[in-house]
Amino acid sequence: MLNRLIALTAGLLLVGSLATAPDAFAQAKKDPAAAATKADAKTSDTQKAPLDINTASADDLKALPGIGDAYSKKIIDNRPYQRKDELVSKKVIPEKTYQGLKDQVIAKQPAAKK
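Below is a short write-up of the structure. This structure is a prediction, so every number in the text was calculated from the model and none was measured. Each chain carries its own residue numbering, running from 1 in the written order of its sequence. With pLDDT at 70 or above as the cut-off, local features in this predicted model cover only qualifying residues; side-chain atom pairs require 80 or more to be listed or tallied, and sums for whole chains, interfaces and linings still use all residues. As a rule here, side-chain values cover all heavy atoms of the structure and leave hydrogens and water aside.

**Some details on the pattern of salt bridges**
Put simply, a salt bridge is a Lys or Arg side-chain nitrogen that is within 4 Å of an Asp or Glu carboxyl oxygen. Summed over the entire model, instances satisfying the criterion amount to 6 salt bridges. Put simply, Asp77 and Lys73 hold a salt bridge, and the shortest N to O gap is 2.8 Å. Note that Asp77 and Lys73 are positioned in helix α4 (residues 69–77) at a spacing of 4 residues, about one turn of the helix. The rule is simple: take the accessible area with a 1.4 Å probe, protein chains only, and divide by the maximum for that residue type; under 20% is buried, over 50% is exposed, in between is partly exposed. For Lys73, a relative accessible area of 51% gives the class exposed. Between Glu86 and Arg83 there is a salt bridge, with its nearest N and O atoms 3.9 Å apart. Residue class for Glu86 comes out buried when judged on its relative accessible area of 12%. Note on Arg83: relative accessible area 46%, which makes it partly exposed. Each of Arg83, Asp85, Glu86 and Lys90 takes part in one network of salt bridges that share partners. Numbering of helices and strands runs from the N terminus; a helix is a DSSP stretch of H or I covering at least four residues, while a strand is a stretch of E covering at least two.

**A look at unusual backbone geometry**
Residues Arg79 and Pro80 are joined by a peptide bond in cis, for which omega reads 0 degrees. Note on placement: Pro80 falls in the loop between α4 and α5 (86–89). Not every positive phi belongs to a glycine, and Lys91 is a case in point at roughly 60 degrees. Looking at where Lys91 falls in the secondary structure, it is placed in the loop between α5 and α6 (95–101). Given the relative accessible area of 68%, Lys91 is considered exposed.

**Quick word on the nonpolar core**
A general tendency of soluble globular proteins is for nonpolar side chains to be buried together. Buried residues of nine kinds, namely Ala, Val, Leu, Ile, Met, Phe, Trp, Tyr and Cys, make up a nonpolar core once their side-chain atoms join them within 4.5 Å. Counting 15 residues, the largest nonpolar core has Ile53, Leu61, Ile75, Leu87, Ile93 and Leu101 as its most contacted members. The contact criterion used is simple: two residues touch if any of their non-hydrogen atoms lie within 4.5 Å. Setting aside residues up to four positions removed in sequence, Ile93 forms contacts with Ile67, Tyr71, Ile75, Leu87, Val88, Tyr98 and Leu101.

**Let's talk about the side chain of Thr97**
Along the chain, the position of Thr97 falls in helix α6. When sequence neighbours within four positions are dropped, the list of residues in contact with Thr97 reads Pro65, Gly66, Ile67 and Tyr71.

**Some thoughts on the side chain of Asn54**
Turning to its location among the elements, Asn54 is positioned in the loop between β1 (51–52) and α3 (58–62). On the accessibility criterion, Asn54 (15% relative accessible area) is buried. Among the polar contacts listed, one links the side chain of Asn54 to the backbone oxygen of Lys108, at a separation of 2.8 Å. Sequence-distant contacts of Asn54, that is, excluding residues within four places in its chain, are made with Arg79, Pro80, Tyr81, Ala107, Lys108 and Gln109. Polar contact is the term for a pair of N or O atoms within 3.5 Å; when the atoms are in protein, one must be able to donate a hydrogen and the other to accept it, and sequence-neighboring residues count only if both atoms are side-chain atoms.

Put into structure tokens, the structure is as follows:
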């Protein structure tokens, strides 16, 4: 008896979840461009270009996790950086803060003059 009750409950849950799925497919059929745009927006948010610590503004730096007014000023005052890990070696920011933002920054070098 208990097994039948569990099977019936699972069946109802499955039917309920399938009933909502066609709405998403119908929306994508009606406006495929909007569905594609939403998908593109999600990937572009997670794949932002790294921020160059040698040229970024104070406001751009403050958008990084763990960076506020004081750290953004220190980053700007200690430029230029050859490598992004110099933020720690020059004691501009703590190691823990660096670990939280290291994948979001780069240290580009100026183009060499000919």
